[in-house]
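# Topology and contacts: notes
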Amino acid sequence: MPEWENWFEIAKQCKYLPENDLKKLCQIVCDLLIEEANIQPVSTPVTVCGDIHGQFYDLEELFRNGGQVPDTNYVFMGDFVDRGYYSLESLTRLLTLKAKWPHRITLLRGNHESRQITQVYGFYDECMNKYGNANVWKECCKVFDLLSIAALIDEEVFCVHGGLSPDISTLDQIRIIERNQEIPYKGAFCDLVWSDPEDIEKWTVSPRGAGWLFGPEVTEEFMEKNQLELICRAHQLVNEGYKYMFNDKLVTIWSAPNYCYRCGNIASIMEFSTVHDRKPILFNAVPDDQRVIPDKAATPYFL
Amino acid sequence: MSTRSMRLSCSSSMHSIRSKANNMEFKTRVKNQSDMEVWEMSEAYNDYIGFISAMNKSVCAIPLNKPLSLSNESKLILNILNSIDNWITEVEPLKESCRFGNKAFSTFYNLLKTRLPDILSKELSLVDQQNVIELTTYIIDSFGNPTRIDYGTGHELSFCMFLCGLFKVNMLKQSDSKATVNILFSRYLEIVRKLQLRYQMEPAGSHGAWSLDDYQFVPFIWGSAQLIENPDLNPNLFVDEKCVQLFKSKYMFLGCIDFIMQVKKGLFHEHSNQLWNISGVPSWNKINEGLIKMYKKEVLGKFPIIQHVPFGNLFQFKQCAKKIMVPTPSTIITPTSTLLDKLKKTELSESNIVNK
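Under an unreviewed UniProt entry, chain B has the name Serine/threonine-protein phosphatase 2A activator and belongs to Cinara cedri. Per its UniProt entry, chain B bears the Subcellular location (unreviewed entry) comment "Cytoplasm". Per its UniProt entry, chain B bears the Catalytic activity (unreviewed entry) comment "[protein]-peptidylproline (omega=180) = [protein]-peptidylproline (omega=0)".

With an unreviewed UniProt entry as reference, chain A is termed Serine/threonine-protein phosphatase, source organism Cinara cedri. Turning to chain A, the UniProt record has this under Catalytic activity (unreviewed entry): "O-phospho-L-threonyl-[protein] + H2O = L-threonyl-[protein] + phosphate".

## So, the overall build of chain A
Along chain A, the regular secondary structure elements total 10 helices and 14 strands. Taken over the C-alpha trace, chain A has a radius of gyration of 18 Å; the compact-globule value for 303 residues is 19 Å, and the two agree within 12%. If you line up chain A on its principal axes, its C-alpha atoms span 55 × 40 × 35 Å. Residues classed as buried in chain A amount to 51% of the 303 residues present.

## Quick look at the sheet that holds strand β7 (residues 196-197) of chain A
Hydrogen bonding along the main chain pairs the strands of a sheet, whether they run parallel or antiparallel. Residue and element names in this part refer to chain A. What the three strands build is an open sheet, ordered β7-β9-β8; its pairing is mixed. At either end of the open sheet lies a strand with only one pairing partner, and these are β7 and β8 (203-205). Judged from the two bridges that link them, β7 and strand β9 (residues 212-214) form a sheet pairing that is parallel. Across the sheet, P197 pairs through a bridge with F214, a residue of β9.

## Thoughts on the UniProt feature "domain: Serine/threonine specific protein phosphatases" (unreviewed entry) in chain A
The positions UniProt marks with the feature "domain: Serine/threonine specific protein phosphatases" (unreviewed entry) are residues 108-113 of chain A. Secondary structure across residues 108-113 of chain A comprises 0% helix and 0% strand; the distance between its end C-alpha atoms is 9 Å.

Thresholds, definitions, all that
- Residues numbered from 1 in each chain as written.
- Chains lettered and ligands numbered in written order.
- Predicted model: local features only at pLDDT ≥ 70, side-chain atom pairs only at ≥ 80, totals over all residues.
- UniProt positions renumbered as here; feature names shortened; annotations may be inferred.
- Helix = DSSP H or I, 4+ residues; strand = E, 2+ residues; numbered from the N terminus.
- Rg over C-alpha atoms; globule rule 2.2 N^0.38 Å.
- Buried ≥ 20, exposed ≤ 12 C-beta atoms within 10 Å, placed from the backbone.
- Pairing = 2+ DSSP bridges.

Right, dumping it as structure tokens:
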């Protein structure tokens, strides 16, 4: 029995692995990811998911609603970590799934799968807190560098974390990006994980400070040129769980219910039987009484 | 989801004004990580941390409901805050759902930008005009960012620099210390909470569940000082809802917990894990010391926050000449300016209060 069988069981229980085991797991996943394409081809039936943000219990709720791996084939469109309390456990869970069934789960890169962003939004602090050093965080960042940028379902549905880039007009241009690196602060790669759709004419500077706002016209153009039916993306909270825009050419999928323990929103995943036959599955945050309360930990500042 | 900009620069338009008086250009100085060391050795840093510590001492064991007399100058600042509060009611949130917070906040921010300069230059007519300009910038930047519609500890820092600046220009005096925390800062908190709720402001640069709080830090420091030597309220009680309801108006710290409990859904240990851990610390004294250590590292030590802070005449970026030691948590740093020397004297004269 490969060692990850045991890790798989641990990860299911909202637990994290010993440092050395997690490092080994990261290495196993890196070896798998390096073989994947910038735009990873995927076939229906498949279920597409949006941001997770360290909400472990809600990730399990997602699997209860969408089906367990390997029964269901999944595409996760990034932002597994940051903000929530269980980023490490959530990422470990996804990595063990990837190790066990590499062809039944596709993990894409979100703007939070980055060294710079995780140092600001919680994942780095979490690793420091849970391991007492930054080694695991560093290993996880190596995994992040190798995540695919996009997925293409049946050649017709383009899945990406953020959206489009003014520097990208064909899918082939994405295929030649050197993805094995920290997400740059500008340019095509950055835009793909940072941009947002908006009802504007073409392109506008994004208030996020990275990526662009892109309108229906440039979306239409991109889709026609690349013969796409639909763009699936995540990156923005949608209170209703999902939202179609631009004449149903683009859909935002949001999979973190009660985002930031504050928003009270419902979450969704999108189940594709075929490109045209798809249905959203909605789910709520797991109630308080089904979550475990950890012990109070001594924080170094207060010793 | 909306994430604080890495490259948007500071919002205020007045950051690059040259002071005629002493040629201190008023602008942001921290451009990269290596500038952070210069900041931590600067007079500005020393003065600021001295102010935080002096205010901290002044409210040791002084709850919010203890009657305080207000100087005319404090009243004047309070009136300005009251006006700002009234302006909020002038700007209705937009009905459409907005992704990055409610865009009506930028309308409110424009009111601050157009009205505050005149009010401050009128009310602070005796103060050097360059200093008034700097104070105005700090107070305008205290309420959030109009582009991203977010609010965080950087904006809170800006307000504390405004308050500290008022001491520096001798508008507020040592005798105003308690009121500065318990009345002025407390009023500010009411306003920013109102803004956060009304315009659904995003937490700026929050470390999520690993932050002390989505929006604030300083009220936890000063609030914990209020509870030092308090025999009735053990730290492990502050996560108890009943206890919070009972004491939220009396102690700033409990007021903060109450606000978290209002806006957060889910289990406390999960959404506010740092505070959950802090509730296990045995004494308020330890909490207070720990929070100051944490503030230095997690707020004042963070490039993404300090890169937005303008420095000039009031807060000078030059190296602190008198600084002889690395700041340690239990030490009140000797401030360089005369103001802070004065404040220090207050601390000494009031130290007996702590022991009561």
